[in-house]
Amino acid sequence: MIEKYDKEEGYCRILGHFLVFEYCRNMNNGLPCSRVLDCWFQTFPVQEFIDENYSAEDQKKIFEPPKAKILTLSEILEQAQKRLQKNE
Ligand code: SF4
């Protein structure tokens, strides 16, 4: 059951307050936070939880490093160029 640990409470170093695991499980576009293993390993078998509930593809999305800001900016520029080309 994916909601099994939802009521577990822990301190979030990013947000600076206590929260429940339900938040961590969904906060990444419906997937767990990328720091979920570090934050919850002392509370429950979180690696096992991830392996049981998320495919290899999902785990890749969960733990992939964030895109570099410069790449994100270049993507925005590329999209703007495409929009301009459409309007010509
Ligand atoms: S898993 Fe993410 S959201 Fe949850 S406590 Fe850790 S840093 Fe905060």
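All of these numbers come straight from a predicted model, not from anything done at the bench. (Residues numbered from 1 in each chain as written. Predicted model: local features only at pLDDT ≥ 70, side-chain atom pairs only at ≥ 80, totals over all residues. Heavy atoms only, no water.)

1. Things to note about the site of the ligand
Here's step 1: Contacts to the ligand come from Cys 12, Ile 14, Leu 19, Tyr 23, Cys 24, Cys 33, Arg 35, Val 36, Cys 39 and Trp 40.
Here's step 2: Among the detected pockets, the ligand sits in the largest pocket.
Here's step 3: Secondary-structure elements contributing two or more residues to the shell around the ligand are helix H1 (21–26) and helix H2 (36–40).
Here's step 4: Considering each element in turn, the shell around the ligand owes the most residues, three residues, to H2.
Here's step 5: In terms of residue class, the shell around the ligand is made up of nine nonpolar, no polar and one charged. (Near = heavy atom within 4 Å. 1 Å grid on protein atoms, 1.4 Å probe; cavity = no way out; pocket = protein on both sides within 12 Å on 5 of 7 lines; lining within 4 Å. Sits in = over half its atoms within 2 Å of the grid points. Helix = DSSP H or I, 4+ residues; strand = E, 2+ residues; numbered from the N terminus. Nonpolar A, V, L, I, M, F, W, Y, C, P; charged D, E, K, R; others polar.)

2. A short note on the environment of Met 1
Here's step 1: Checked against the element boundaries, Met 1 lands in the segment before strand E1 (9–12).
Here's step 2: By relative accessible area, which is 74% here, Met 1 ends up exposed. (Buried < 20%, exposed > 50% of the residue type's maximum accessible area, 1.4 Å probe, protein only.)

3. Here we look at the side chain of Gln 59
Here's step 1: Its location among the elements puts Gln 59 in helix H4 (residues 56–63).
Here's step 2: Polar side-chain contacts of Gln 59 include one of 3.3 Å to the side chain of Asp 51.
Here's step 3: Not counting residues within four places of it along the chain, the set of residues in contact with Gln 59 comprises Gln 47, Ile 50, Asp 51 and Tyr 54. (Polar contact = N/O pair within 3.5 Å; in protein donor to acceptor, adjacent residues only side chain to side chain. Contact = heavy atoms within 4.5 Å.)

4. Considering the layout of surface pockets
Here's step 1: Taken as a whole, the largest pocket encloses approximately 310 Å³ of empty space.
Here's step 2: Along its surface, the largest pocket is lined by 20 residues, and Tyr 11, Cys 12, Cys 24, Cys 39 and Trp 40 are the ones closest to its centre.
Here's step 3: A breakdown of the residues in the lining of the largest pocket according to their chemical character gives 13 nonpolar, three polar and four charged.
Here's step 4: As a volume, the second largest pocket reaches approximately 230 Å³. (Points joined across faces, edges and corners; volume = space filled by probe spheres on them.)

5. A word on the packing of aromatic side chains
Here's step 1: Tallied over the entire structure, the rule returns nine aromatic pairs.
Here's step 2: Measuring from centroid to centroid gives 5.3 Å for Phe 21 and Trp 40, while their planes differ by 75°, and the two rings are edge-to-face. On the criterion of sequence distance, the pair formed by Phe 21 in helix H1 and Trp 40 in helix H2 is long-range, its members being 19 residues apart. By the burial criterion, Phe 21 is buried, and Trp 40 matches it.
Here's step 3: Ring centres of Phe 21 and Phe 44 lie 4.9 Å apart, and the angle between their planes is 80°; this geometry places the pair in the edge-to-face category. With Phe 21 in helix H1 and Phe 44 in the loop between H2 and helix H3 (46–53), the pair connects residues that are 23 residues apart, well separated along the chain. (Phe/Tyr/Trp six-rings, centres within 6.5 Å; stacked < 30°, edge-to-face > 60°.)

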